[in-house]
Amino acid sequence: MPGVATQVLVETAPDGSGGVVPAQSLNTSPASPVAAYAITRDAYCNFIANVPATWSVTGTLSPADLALAGDNKSATFPDAHCSGSGTLHASSDSLASVDSGVLSVSDNTAPMANCQPFTAHLSGTAPASVTVAATDVDNGSSDNCGIVTREISKDGGANYAASVSFGCGDVGVQPVKLRVTDAAGNPSVCDASVTVADDTAPTVSCSPLSITLDNTGNYTLSAADITALVGSASDNCGLASTNVSQTSFSYCDAPSQTVTVTVTDSHGNPSSCTATISVSLPAAPTEVYVDASYPATCQGVRWPYTGPGSYYVGFNAFNSVQAALTAVASGGTVHVAPGSYAENVTVSKPVMLLGANQGVSGCGTRSAESVISGGAGIALNIASDDVTVDGFELTG
């Protein structure tokens, strides 16, 4: 028969049929919990009972990982601890204690990497860049024992670092990889995307410009003119284009026009300023056209008048013969369309004044006439040498 209990041992079975829990290596996954029982024996190792005990661990095992039964007769070590080694210890009254063998716990459970997309905005100064940290694309990665490093790669996993940098040439969606590693060196990788954005508009200031119309009353801005309109312009990623709201000018735009200059960077961000273009008139025109139907306001017209055209009312197109003679250059030509012009005309410079039937002889067939009607006064007064008048009907 068993004698008096002299020792309490940490064993594998509650009925004493097992033995001391042996030394063993434990992994966190798959879990292999160790069940232990407080067993009393006499001096000859005869089984006496499974008794309540005070349980503890030694070494670097965590006491928090030891789960006790309600009656304290047993305990379970569930491998929750990530690493360490030690023994299970049971004490009861003043009995001698025999611990379990050494339990060595290793973490072989990889983390669970969880990625998220991230938008990175380039800096506003050139050369623009932005740094993306591994944490920026981490969407709550986890590990049973805790993650100790987070790294990001932008070259498909060839190289990892705590952060990576992007520049102007990377604008758009860039694939990256996130690698998380736990204290035991177990890694896990997931794929993410970084959208590199350049949302910084250029800075631009405008300068005034002076132009002189050509002898037709027109001017088109040259590339040099457009460059001159931009006083200064800069962008964090470089400029791509310059556009001006109006590039063609005519007599009707004198004496000045305000234009909008828009510069756009390499990623489509625009910025604008306004500039004043001073429009200077050319020398007096050598060819001038008259039609009684021309409007009074400046616009481009045809001759004879049938609608819009390339002559400008007030410059080389008039509804008055006298106004045309005043505007034409000395030695120039005034062309007068068929119609009735009720005015007293004075020619005071050498010109050619040509009506609708100019060149038709006295016996020739005449078409609709250009009629200058002076009323009670003189229809046409020639007050200069070298004047040619042809193709009119004069009344008055």
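The shown structure was predicted, so the numbers you read here are calculated from the model rather than taken from an experiment. (Residues numbered from 1 in each chain as written. Predicted model: local features only at pLDDT ≥ 70, side-chain atom pairs only at ≥ 80, totals over all residues. Heavy atoms only, no water.)

**So, the overall build of the chain**
In terms of regular secondary structure, the chain is built from two helices and 37 strands. Taking 21 Å as the expected radius of gyration for a compact globule of 396 residues, we find that the chain reaches 51 Å, considerably beyond that expectation. Of all 396 residues assigned to the chain, the portion counted as buried reaches 40%. Long-range pairs, those at least 24 residues apart, make up 60% of the contacts in the chain between residues at least 6 apart in sequence. For the chain, the accessible surface area stands at approximately 18700 Å², while carbon and sulfur atoms represent 52% of it. Across the chain, the mean location of the 9 positive side-chain charges is 5 Å away from that of the 32 negative side-chain charges. (Helix = DSSP H or I, 4+ residues; strand = E, 2+ residues; numbered from the N terminus. Rg over C-alpha atoms; globule rule 2.2 N^0.38 Å. Buried < 20%, exposed > 50% of the residue type's maximum accessible area, 1.4 Å probe, protein only. Contact = heavy atoms within 4.5 Å. Areas by Shrake-Rupley, 256 points an atom, 1.4 Å probe, with all protein chains shown as cover. Lys, Arg positive; Asp, Glu negative; His and termini not counted. Charge placed at Lys NZ, Arg CZ, Asp CG, Glu CD.)

**A short note on the pattern of salt bridges**
By the definition in use, this model includes five salt bridges. The partner of Arg 41 in a salt bridge is Glu 11, with the nearest N and O atoms 2.7 Å apart. Pair noted here: Arg 41 is in strand 3 (residues 34-42) and Glu 11 is in strand 1 (residues 5-11), with a separation of 30 residues, a long-range link. Accessibility expressed as a relative area gives 9% for Arg 41, which makes it buried. Lys 177 is the salt-bridge partner of Asp 191, the closest N and O atoms lying 2.7 Å from each other. Of this pair, Asp 191 sits in strand 17 (residues 187-197) while Lys 177 sits in strand 16 (residues 172-182), and the two are 14 residues apart along the sequence. With a relative accessible area of 23%, Lys 177 lands in the partly exposed category. (Salt bridge = Lys/Arg side-chain N within 4 Å of Asp/Glu carboxyl O.)

**Topic: the sheet that holds strand 37 (residues 392-395)**
The parallel open sheet is built from three strands, whose spatial order is 31-34-37. Every other strand in the sheet has two partners, leaving strand 31 (339-342) and strand 37 as the edge strands with one partner each. Here the strands of the sheet are splayed against their neighbours by 20° on average, with no regard to which way each runs. Judged from the four bridges that link them, strand 34 (residues 370-373) and strand 37 form a sheet pairing that is parallel. Paired with Val 371 across the strands is Glu 393, a residue of strand 37. (Pairing = 2+ DSSP bridges. Axes fitted to C-alpha atoms, helices over the stretch in contact; angles between N-to-C directions.)

**Considering the nonpolar core**
Core analysis: the largest hydrophobic core is formed by 21 residues, its most contacted members being Val 132, Val 137, Ile 152, Phe 166, Val 176, Leu 178 and Val 194. Elements supplying a minimum of two residues to this core: strand 13 (129-133), strand 14 (147-153), strand 15 (163-167), strand 16 and strand 17. A per-element tally of this core places strand 17 first, with four residues. Setting aside chain neighbours within four positions, we find Ile 152 in contact with Val 132, Ala 133, Ala 134, Val 137, Asn 159, Tyr 160, Ala 161, Ala 162, Ser 163, Val 164, Val 176 and Lys 177. (Core = buried A, V, L, I, M, F, W, Y, C linked by side-chain atoms within 4.5 Å.)

**Overview of the packing of aromatic side chains**
As enumerated under the stated definition, the model contains four aromatic pairs in all. Where Tyr 294 meets Tyr 305, the ring centres are 5.5 Å apart and the plane angle is 75°; that geometry is what we call edge-to-face. Of this pair, Tyr 294 sits in the loop between strand 26 (287-290) and strand 27 (300-301) while Tyr 305 sits in the loop between strand 27 and strand 28 (311-312); the two residues are eleven residues apart in sequence, bridging distant segments of the chain. You can call Tyr 294 buried: its relative accessible area is 3%. Overall, the relative accessible area of 29% leaves Tyr 305 in the partly exposed class. Among the aromatic residues, ring-to-ring pairing joins Tyr 289, Trp 303 and Tyr 311 into one connected group. A cation over a ring is seen here: Arg 179 above Tyr 160, with NZ or CZ 4.1 Å from the ring centre. (Phe/Tyr/Trp six-rings, centres within 6.5 Å; stacked < 30°, edge-to-face > 60°. Lys NZ or Arg CZ within 6 Å of the ring centre and 35° of its normal.)

**Considerations on unusual backbone geometry**
Here Ala 126 and Pro 127 are connected by a cis peptide whose omega angle stands at -10°. Inspection of the secondary structure assignment puts Pro 127 in the loop between strand 12 (118-121) and strand 13. The omega torsion across Ala 254 and Pro 255 is 5°, close enough to zero to call that bond cis. Position of Pro 255 relative to the elements: it lies in the loop between strand 23 (248-250) and strand 24 (256-265). Even without being a glycine, Asp 93 presents a positive backbone phi close to 50°.

**Notes on the sheet that holds strand 26**
Taking strand neighbours across the sheet as the criterion, the five strands line up as 29-26-30-33-36 in an open arrangement whose pairing is parallel. Looking at the sheet topology across the chains shown, the edges are occupied by strand 29 (317-318) and strand 36 (388-390). Here three bridges tie strand 30 (residues 333-336) to strand 33 (residues 352-354), and the two strands are oriented parallel to one another. For His 335, the partnering residue across the bridge sits in strand 33 and is Leu 354.

**Here's the deal with the side chain of His 335**
By secondary structure assignment, the location of His 335 is in strand 30. Within the structure, the side chain of His 335 is placed 2.6 Å from the side chain of Glu 287, a separation counted as a polar contact. The contact partners of His 335, leaving out residues within four places of it in the chain, are Glu 287, Val 288, Tyr 289, Val 290, Trp 303 and Leu 354. (Polar contact = N/O pair within 3.5 Å; in protein donor to acceptor, adjacent residues only side chain to side chain.)

**Quick look at the environment of Leu 95**
Among the secondary structure elements, Leu 95 is positioned in the loop between strand 9 (88-91) and strand 10 (96-98). Considered as a pair, Leu 95 and Thr 264 are 169 residues apart in the sequence and their alpha carbons are 88 Å apart. Beyond its immediate chain neighbours, meaning those up to four positions away, Leu 95 contacts Ala 5, Thr 6, Gln 7, Val 8 and Thr 40.

**Quick notes on the state of the cysteines**
In the structure shown here, the tally under the stated rule is four disulfides. Here Cys 168 pairs with Cys 237 through a disulfide, and the sulfurs are 2.0 Å apart. An S-S torsion of about -85° defines the bridge between Cys 168 and Cys 237 as left-handed. Taken together, the residues Cys 168 in the loop between strand 15 and strand 16 and Cys 237 in the loop between strand 21 (230-234) and strand 22 (239-244) connect sequence positions 69 residues apart. Judged by its relative accessible area of 21%, Cys 168 is partly exposed. Put simply, Cys 206 and Cys 273 are joined by a disulfide, and their sulfur atoms are 1.9 Å apart. For the disulfide bridge between Cys 206 and Cys 273, the dihedral angle about the S-S bond is near 75°, and by the sign convention the bridge is right-handed. Remark: Cys 273 occurs in strand 25 (residues 270-280) and Cys 206 occurs in strand 18 (residues 203-206); sequence separation between them is 67 residues. By relative accessible area, which is 13% here, Cys 273 ends up buried. (Disulfide = S-S within 2.5 Å.)

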